[in-house]
Each structure stands twice: as C-alpha cells, then as structure tokens.
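# An overview of the molecular structure
Single-letter residue listing:
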2 protein chains.
Amino acid sequence: MQRFLNDPNDMVDEYVDAYLMTHPLLARAEDNPRVVYRKDIADKVGIVSGGGSGHEPSFLGYLRPNMLDAAAVGEIFASPTPLSFLDAFRKADHGHGVACLFGNYSGDMMNAKAGMLMAKDEGIDVKYVVSKDDIASAPADMKDKRHGIAGLITMWIAGGQVAIHGGDVDAVCQAATEARDNTRSVCVGLHELTIPAVGHPNFHIPDGEYEFGIGHHGESGIRNYKMQPADGIAKRMTDALVEDLGLKSGDEVFVMLSGLGATPLAEQYIMYRAVHKILADQGIKVLFPHIGNLATSLNMNGIALTIEKLTPNLKKWTAAFEAKGTQVDGL
Amino acid sequence: MQRFLNDPNDMVDEYVDAYLMTHPLLARAEDNPRVVYRKDIADKVGIVSGGGSGHEPSFLGYLRPNMLDAAAVGEIFASPTPLSFLDAFRKADHGHGVACLFGNYSGDMMNAKAGMLMAKDEGIDVKYVVSKDDIASAPADMKDKRHGIAGLITMWIAGGQVAIHGGDVDAVCQAATEARDNTRSVCVGLHELTIPAVGHPNFHIPDGEYEFGIGHHGESGIRNYKMQPADGIAKRMTDALVEDLGLKSGDEVFVMLSGLGATPLAEQYIMYRAVHKILADQGIKVLFPHIGNLATSLNMNGIALTIEKLTPNLKKWTAAFEAKGTQVDGL
C-alpha cells in the first residue's frame, strides 16, 4: 500500500488541519476537533450534515454560504459521535433552528438522533431529512433501507436555497425532501479501496470484471460483470437510474458524475459523454452537468452517477445555485 | 488494465466532446477538431496554449475569460500539430495579437514555432513564452533544458491579468516571463501510469519505494527513495523547490499541490499540510494555496508541487485573479 499518509490514525485530523489552513472562513469548534463550521453564518436556518470521513471533498467542501453551515466529522467511514452532531447544531443555530441533512446509515441515524435530543433540551429546534439515493443498497420495494451517497448534495442545494431566502426549518426540510425523493445514484468499481488503518481491501474486484452497485465505504456491489467499454458501463448505470426514477421523454435532470478517488478526470468525462447521449436519445435533457471528484471513497477507482429529476421547484433552486458560481476545490 | 474507456484511439475526441457538452461557452474550430476556443473572447490580446492530452483538466479547464482563449489539443502526451497551433492563433486573435504560453518540450516548441511562422504570413502577431518549471528535468545550470509542467498555470494567471487590463502582446509576455522565472515544480510518483493505447507502463516503481522527479508524461524520475510518511516526502519536495528558487524568510508564495490523476484528495491535503508547515517554519508565507487535480498525468498516483515566489507584480495579478473566484471542475 503506497499512500501519501503519516500515521493512518491521524488521517482525519491532518486532513481537517489542511482544510482549515486553506479555507480561512472555516473554523473548528473550540472544544471539539470533529466539528467544522463557517465563521460567517448568516441570519437564517442553519444547515448541518455529518458522516464518516473518506469522502473528500465531502463534507467540508460543501461548507458554503448557500449549502452547509456546520459539519460533524466522523473517523474514516464511521459516524460522528452524538456530541459532534450536537456541537455542529450549536454552531449552526442562530435562533432560527437547524436542518440536519445527512445520509441514511444506521450509525449516523442513531448518533444524529441522540444529538438532536440533547439539542432539544437546550432549546435548539433541529429537524432532519436523510438521503436514500443509492439504488443498489436495497430494492425499490424497500426504498427506506437505501443508503445515502452523492445524492446528499442535491438536498444541500435545495435546502440551502430555501434557507438563504428566509425559509423556516420546515420549509428547508420540505425542499430537501423534494430533492431527496427525486434523486437516485449508483456506483461501479474497477478497483477496490483500502482503509489505511485496516491495510487490506475488504473485497476484491477480479481483473477483467467490474463491480456494479458498490457502496461508498468499500461495501461490495450487487453483481460483477465482465469488463466492458465505458459506453457499456455507462449504459448499465444510466438505465438503472432512469428506470428507478421513472424518467421519460421531456424530463429535465441534474447530473453528477463523480470519480470515487482514484479515477482520472478524462475517464470521468468519457463516461459522462455516454450518459449524456443515452439520456438525450430518450428525450431527457441534462440542464446542469457536473463532473469531478465530488464525493469519493478514499482510493477507490470507480464512478458514482447521480441523477435528479428536476421538478419546477428543484429547477428553480438549482438554477439559482448554479448562477452564483460554484466551487469544490481546485484553482 | 481496468479503465473507463472505449477505443483508446478515441480517448481525446471523446474527452473533448464531453468537455464541450458541459461547457457551453466553448467551441471546437469548425474545420479542426483539435482546437477549442472561447466563444466570448474579449477585445484584447488573445492567449493560447497547447500541448499533449492526458493532463486534464489542463488545457481545456483553463479556457476562461481571465486565462486562455484558445487551446491546441494534442494526442495523449504528444504535441499538437503546427496547423492546430495556427488555428488556435486564428481563433484567439482579435486584431491585438496573441501570446502563446506553453511548456518547454522539443515537439511543442517545434510545432508552435511552425504555427507562428504561418500566422505571421497571415499578419497575426504571435509572441511566446515557455515554462521551464520542472526542476527535476535538468540541473540548475541547464535551466533552459527544463520542461514545463503545472507551472504553466502561473503564466496564464499573470499574462491573463495583463491582457484583460489592456496590455499589449509584449506586456502580456513580459508578465508571463515574470511568472515563469519565479515558478518551480517537482513531482513524485507512488505508482506509474499507463498510456491506454500502449497498454503497459514505460517504467515501474517498485513496492516500498517512491520515485522523485518523475515527469508529466510517464518519464521516470531522477531517484527512487525508500517509502516514507507523507511528511518526509513533502519535506524532500519542498526543500528542493525552496533551494532552487532561493526562497528566504519573509517571502510570500503561491502554491499548487496537484494530484496526478489517481491520488485521493485527502492524501493531497495531508501532503499540503506538511508543505505549509515546512514553509511556515522558514518564515515563508503561503498567500494562495490550491489543492486538487490541477494538471494530471493520466492515471499516475503521484503529486506535483509548484511554488511561485510572489514579486510585487505577481502578488497583485494573483490577488486579482483569486478575487474573481476560480474554478476548474466540480460542483
């Protein structure tokens, strides 16, 4: 395992250190190194997310004036503690309450809820919505069991817009729910990831095969297929999402195609080209495409495809978000 | 080799296709698919670059109102043709001449110069500056032999600012030269790249070692070292640049730490943390840090570190560039 790392146990601390060095508007909570917040939170409903580390630039990259105000940071692929959720709520609350928009995992759910109970005792009004966008994590008739992956981002966009325009906690959560209900994702892997402190992958993708439906935490997928050209892999991913979302000709969509950590950008673009054509051939129009390492899984070589069907509200919020100019990382 | 690719020979075409699908202000030259330009070029000196593909998001990601106006696109790691340089000059020229700011490689130099001769015959005034930032590609007493890698970007920032403020071709080239003369880069590799159409790496980095001074095109480095923690690798890279630039306490710098294609973002940040501390310990202040996949080498797992010493001019231009908000890719 050749990695740019010091002690694997310091990985999260060091990443957060570096993120704060390079983003002067962010700060760590004074008494909790696992909470990062914006110093310039506006007079509005606060938006919090949280989850395990290893998905960089998520979550810290989305601490922006029109997205998240505070994040609870977990260890690699592990939930933040209840206290970290609580401290994030404290930082994000400016008297208008907090919307906690995170991913559907049992650990995150348990700890976020525990944090919410403690926040309630302090008079902070926290409501929550969880994303369940990963279609491979449970079948369509068990949607509530599905995990949240890159689709969390669409909740932050929608909720963020309602918050900056003065919506209350219920309105922000309603917007996030609308985004959540119209968003689906699926991942494929070409080469597995390794958690540095573990030192070996927890599943192996054989040469000559790709794995469809992998999770964002090194979870193995639902099926291996013989390796195909990019167009074939993209077709399998796109078809699955189109079916699950019930997309039809005339629909407009927001698309994120995210590398999972070790996937070259040119290959991501080549995959996007196929997705775009497959959708266009069915009369489905991509209004807002995004390609890049948007939500990753350590050093996984793979791709997450996320499609959001744009309702009139979602189209309006997303257009407003895009018009402001957006940036994760880079130059 | 597990890759998200169709026919390797179509890789460049498909990447450019996808880039145009997602960037509506860009267009291909009508009669030359290897030239991409901005449709909204202002009434100013045009700025052109060009080089081989495989460095995504370079060059297309830097076609921006305050950077490049047109790019000549080569095959993977191969120079664009003289005609592609000429066509890029034609697109970028709005009667004020063109500055061609590219990297010092014999193929690029030969073809760009041939393109310039043809442009001269058409009455287009083209001047050029080549970056020579890669300190590992030749020793300090043979600086003119050094290659240009991620350091090209600092030329585009400086030249771009002078161009949008009405500078003539000479002033733009002078600004680019000032950036070039104050910029140095060095790369390390943990795992080699593979050119898809070749199918195997052209050098191998043994397990347990990292390679210092690799090039941006799969060129092997100048020395292998026993694998070290990130802090040790960062120290070796930073020390080499500090020495070559002659940096001293009180200097202010612009820093780019770029993943080379398959390097996870968290690891890039962990490396940046070390670089920042090493510089700070010597009284050198990073004013503008950038971390991300800024200029890559296909699927190389490695890092390029670039440091620019900020003269008063460079500080002014870079601050103006940063204030506008910047973006390569992503959300």
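Residues numbered from 1 in each chain as written. Chains lettered and ligands numbered in written order. Predicted model: local features only at pLDDT ≥ 70, side-chain atom pairs only at ≥ 80, totals over all residues. Heavy atoms only, no water.

## Some remarks on the relation of the copies chain A and chain B
Once chain A has been moved 0.0 Å along the axis and rotated by 180°, it coincides with chain B to within an RMSD of 0.0 Å. Between the two chains, the operation in question is that of a two-fold axis. Taking C-alpha positions as the reference, the residue of chain A nearest the rotation axis is Ala-262 of chain A, at 1.9 Å. Mapped onto chain B, 100% of the interface residues of chain A again fall at the interface, so both copies present the same surface. (Least-squares fit on C-alpha atoms with pLDDT ≥ 70 in both. Contact = heavy atoms within 4.5 Å.)

## Structural notes on the interface of chain A and chain B
Contacts between chain A and chain B engage 64 residues on the former and 65 residues on the latter. Of the roughly 5300 Å² buried between chain A and chain B on both sides combined, carbon and sulfur atoms contribute 64%. Our count for the chain A to chain B interface comes out at 6 salt bridges. The salt bridge involving Glu-14 of chain B is made with Arg-273 of chain A; its shortest N-O contact spans 3.5 Å. Put simply, chain A and chain B have 19 residue pairs in polar contact (both at pLDDT 80 or more) between them. Put simply, the parts of the chain that give the side of chain A that touches chain B at least two residues each are helix H1 (11-22), strand E7 (183-191), helix H6 (230-245), strand E10 (252-259), helix H7 (265-281), strand E11 (285-292) and strand E12 (301-309) of chain A. Its residues assigned to classes, the side of chain A that touches chain B shows 36 nonpolar, 16 polar and 12 charged. (Buried area = accessible area lost by both parts, 1.4 Å probe. Salt bridge = Lys/Arg side-chain N within 4 Å of Asp/Glu carboxyl O. Polar contact = N/O pair within 3.5 Å; in protein donor to acceptor, adjacent residues only side chain to side chain. Helix = DSSP H or I, 4+ residues; strand = E, 2+ residues; numbered from the N terminus. Nonpolar A, V, L, I, M, F, W, Y, C, P; charged D, E, K, R; others polar.)

## Structural notes on helix H3 (residues 106-121) of chain B
Residue and element names in this part refer to chain B. The end-to-end C-alpha distance of H3, which contains 16 residues, comes to 23 Å, matching closely the 22 Å that a straight helix rising 1.5 Å per residue would cover. Burial in H3 covers these residues: Asp-108, Met-109, Asn-111, Ala-112, Gly-115, Met-116 and Ala-119. In this fold, the buried residues of H3 make contact with strand E3 (46-53), helix H2 (82-92), strand E5 (98-103) and strand E6 (126-131). (Expected span 1.5 Å × (residues − 1). Buried < 20%, exposed > 50% of the residue type's maximum accessible area, 1.4 Å probe, protein only.)

## Focus on the confidence of the model for chain A
Overall, the prediction assigns chain A a mean pLDDT of 95, with 98% of residues at 70 or greater. Reported confidence for the predicted complex is 0.96 by ipTM and 0.96 by pTM. (pLDDT = per-residue confidence, 0-100.)

## A short note on the sheet that holds strand E2 (residues 32-38) of chain B
Residues and elements named next belong to chain B. Pairing in this open sheet of 6 strands is mixed, and the strands run E1-E2-E4-E3-E5-E6 from one edge to the other. Edge positions in the open sheet fall to strand E1 (26-29) and E6, since each of these has one partner strand only. Direction aside, neighbouring strands of the sheet carry axes that sit 25° apart on average. Relative to strand E4 (residues 70-76), E2 runs antiparallel, the two being bridged by 3 bridges. For Val-35, the partnering residue across the bridge sits in E4 and is Ala-72. Relative to E2, H2 is tilted by about 30°, and along the sheet it contacts E1, E2, E3, E4, E5 and E6. (Pairing = 2+ DSSP bridges. Axes fitted to C-alpha atoms, helices over the stretch in contact; angles between N-to-C directions.)

## Notes on the environment of Leu-310 of chain B
Residues and elements named next belong to chain B. Checked against the element boundaries, Leu-310 lands in the loop between strand E12 (301-309) and helix H8 (312-323). Once the C-alpha coordinates of Leu-310 and Asn-182 are considered, the two residues, 128 residues apart in sequence, prove to be 7.4 Å apart. The residues touching Leu-310, leaving out its near neighbours within four places in the chain, are Glu-252, Val-253, Phe-254, Leu-287, Phe-288, Lys-315 and Thr-318.

## Describing the pattern of salt bridges
Inspection of the entire model under this criterion finds 40 salt bridges over all chains. Across the pair Lys-91 of chain A and Glu-30 of chain A runs a salt bridge, and its minimum N-O distance is 3.0 Å. Residue Lys-91 of chain A is found in helix H2 (residues 82-92), and its partner Glu-30 of chain A is found in the loop between strand E1 (26-29) and strand E2 (32-38); the two are separated by 61 residues along the sequence. Between Asp-244 of chain A and Arg-184 of chain A there is a salt bridge, with the nearest N and O atoms lying 2.7 Å from each other. Highlighted residues: Asp-244 of chain A in helix H6 and Arg-184 of chain A in strand E7, separated in sequence by 60 residues. In this structure, a network of salt bridges that share partners links the residues Glu-14, Asp-17 and Arg-28 of chain A together with Arg-273 of chain B.

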